[in-house]
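Structural description and commentary
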Amino acid sequence: MDFDHYERCDRRQDGPGIEEVSEIDPLIPLDLDSEAQERRLLRKLDKRILPILCLLYLFAYLDRSNLGNARLQGLPEDVLGGDPTGVLFDWVNSAFFFTYILLQIPFTVLSKYYNPRIWIGCSAILWGICSTSMATAHTFTGLVIARLGLGTFEAAFGGAVVLYFSFYYTKAECGTRIAYWFGFAAVAGAFGGLIAYGIQHVKASVANWRLLFLLEGTPTMLLGLLCLFILPDRPESTQFLTAAERKIAISRMNRGTSGDFGAVVRRSHVIAAFQDWRIYVGGVIYFGLNCALASLSAFLPTIIGTMGHENAMAQLMTVPPYAVAGFVLMITSYSSDRLQIRGPLLVCTSAIGGLGYMILLGATHQQDVRYGATFLITSGTYSSIGLMNAWFSHNLGSETKRAAGIPLYGAIGQIGGILGSHVYPLTEGPAYTNGFTVSASLLFLAALCALLLSVSFRLDNMQRDQQYGKPDPDGMVDTSELADKAPGFRYVP
């Protein structure tokens, strides 16, 4: 592989966030075949990147989903006039998704022009401010404005992080790392339940739900500040790596594909993302998964409460389903990396989540069985979303197409979050027949769409193998012009 053009570059391309880059000395010996060097680099990257990004996602998910806990701590009575129908609460919950959906694509594409640590760190600080401001709300309008701001700045975070992982991790590693990162959403579900349980027993002059927003929003701002100092920049520009390590990182970035150098956005690849039918099928999958996820986030404490438990115990009983979901997510994602398959596992996990909702529909009076079904729902849904993000982080071929395509299917999917916020009105409790039916149907539809995509990717790989021969899986593939349509590019099925 020829890296001369990387070694000659000592400055990022023009654009916002320009930074000086230490020149890579071409005389430094580099053994790209040394597994020991690469393992050492991978450990170094994991220790620096994963802790800060995982903790940020933990609090991102706490900040967007703590409404479900706040609901049981008196928020509707204090701010929404009691909200007997639950409609006002539904709109507060779904307000997050409006800005999140609209801004994901432009923000993720725009993030390629900026230093990742500055972009991600500032996003975290700003959504932390919005989250803590919910503790000061006294009206329905105040809550909605805070949620709109939260959606705005979290939109700048999620897609940019998935894109950032592709800078440093290969397709054989990305699934597990995204699972570690997204797994903290499940940790947040468990952790959020514990925090809410503890706050439920606090006797203070401030309402418990206000304390909840303060305690879960403040750490986000501190982590954002920390991110500004410790998160590595792009591989070709970061001072966190030595010159020799940067060479290895760049070679890994170009394994089975080709990465951009510096602040580059290829407009043809943005257009290609909007023309790719597979991204829209992925959006259908993500729609179903996010409907189920939004339902879980906002209504799992309420659903468990319908099983006859008091509010404090309902908060505590949300912990085990999320804990098991995190474990299952790690197992499925690790297996998908080792086997280099995503679709078949996604079919299974989506179907498992759908089965859980079907059990909730059928076992209306068997509370132990209904509680067991929540384990299937959380495990199936969280595992599916982790696999989905890992699947498209490679299969779009180029950085720019990933920057446009990942938030495109994500934006379509987040519309499911709005639906999930409205299918569990209090007037339909405790049966919630419509909500469970909709969620189950969409998860089974997601399984069918995943099967379609997996077969499509396999057929494309077979056709290219017959036409061009089998490529070296570790070789560089020039995707600068054709992205995933390049003759040497192969999909993960």
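Residues numbered from 1 in each chain as written. Predicted model: local features only at pLDDT ≥ 70, side-chain atom pairs only at ≥ 80, totals over all residues. Heavy atoms only, no water.

The chain appears in an unreviewed UniProt entry as Major facilitator superfamily domain-containing protein from Suillus subaureus. UniProt, in its Subcellular location (unreviewed entry) section for the chain, records the words "Membrane". (UniProt positions renumbered as here; feature names shortened; annotations may be inferred.)

1. Some details on unusual backbone geometry
Within the chain, aspartate 83 stands out as a residue other than glycine whose phi angle is a positive 45°. Mapping aspartate 83 onto the fold places it in the loop between α4 (75–79) and α5 (87–111). Since its relative accessible area comes to 5%, aspartate 83 is described here as buried. (Helix = DSSP H or I, 4+ residues; strand = E, 2+ residues; numbered from the N terminus. Buried < 20%, exposed > 50% of the residue type's maximum accessible area, 1.4 Å probe, protein only.)

2. As for the nonpolar core
The nonpolar side chains of a soluble globular protein tend to be buried, and buried together. Leu53, Leu56, Phe165, Trp181, Tyr357 and Tyr382 are the most contacted members of the largest nonpolar core, which totals 107 residues. With 15 residues, the top contributor of residues to this core is helix α2 (residues 35–65). Setting aside residues no more than four positions away along its own chain, tryptophan 181 makes contact with Leu53, Cys54, Tyr57, Phe157, Gly158, Val161, Val162 and Phe165. Ala70, Met134, Leu143 and Val144 belong to the second-largest nonpolar core, a separate cluster that totals 20 residues. (Core = buried A, V, L, I, M, F, W, Y, C linked by side-chain atoms within 4.5 Å. Contact = heavy atoms within 4.5 Å.)

3. A closer look at the side chain of threonine 220
Considering the arrangement of structural elements, one finds threonine 220 in helix α9 (residues 208–230). Residue class for threonine 220 comes out buried when judged on its relative accessible area of 0%. Sequence-distant contacts of threonine 220, that is, excluding residues within four places in its chain, are made with Leu56, Phe59, Asp63, Ala124, Trp127 and Gly128.

4. Concerning the layout of surface pockets
Taken as a whole, the second largest pocket holds about 340 Å³ of empty space. As for the second largest pocket, its lining consists of 18 residues, and the residues nearest its centre are Lys171, Asn461, Asp465, Arg490 and Tyr491. For the lining of the second largest pocket, the per-class residue count stands at eight nonpolar, four polar and six charged. (1 Å grid on protein atoms, 1.4 Å probe; cavity = no way out; pocket = protein on both sides within 12 Å on 5 of 7 lines; lining within 4 Å. Points joined across faces, edges and corners; volume = space filled by probe spheres on them. Nonpolar A, V, L, I, M, F, W, Y, C, P; charged D, E, K, R; others polar.)

5. Regarding empty space enclosed by the protein
Enumeration according to the criterion identifies seven cavities of 30 Å³ or more in this entry. Roughly 190 Å³ of volume is contained in the largest cavity. Looking at the lining of the largest cavity, the elements with two or more residues in it are α2, α5, α7 (140–168), α8 (174–200), α12 (277–305), α16 (367–395) and α17 (399–420). When the residues that make up the lining of the largest cavity are grouped by side-chain class, the tally is eleven nonpolar, seven polar and one charged.

6. Remarks on a nonpolar patch on the surface
A surface patch of nonpolar side chains, amounting to about 370 Å² of accessible area, comprises Leu451, Val455, Leu459 and Met462. Here leucine 459 shows up in helix α18 (residues 433–468). (Patch = residues over 30% accessible without salt bridge, like charges linked within 9 Å, V, L, I, M, F, W, Y side chains within 5 Å. Areas by Shrake-Rupley, 256 points an atom, 1.4 Å probe, with all protein chains shown as cover. Salt bridge = Lys/Arg side-chain N within 4 Å of Asp/Glu carboxyl O.)

7. Some points on the packing of aromatic side chains
Applying the stated criterion across every chain yields a total of 28 aromatic pairs. Ring centres 6.4 Å apart and planes at 20° place the aromatic pair tyrosine 57 and phenylalanine 157 in the stacked group. Placement of the pair is tyrosine 57 in helix α2 and phenylalanine 157 in helix α7, with a sequence separation of 100 residues. You'll find tyrosine 57 and phenylalanine 157 in the same group, each marked buried. Here the aromatic cluster, defined as three or more aromatic residues joined through ring pairs, consists of Tyr57, Tyr61, Trp127, Phe157, Phe165, Tyr169, Trp181, Phe182, Tyr322 and Tyr382. Positioned above the aromatic ring of phenylalanine 240 is the side chain of lysine 44, whose terminal nitrogen or guanidinium carbon lies 4.9 Å from the ring centre. In this structure, arginine 278 packs its charged tip against the face of tyrosine 491, placed 5.0 Å from the ring centre. (Phe/Tyr/Trp six-rings, centres within 6.5 Å; stacked < 30°, edge-to-face > 60°. Lys NZ or Arg CZ within 6 Å of the ring centre and 35° of its normal.)

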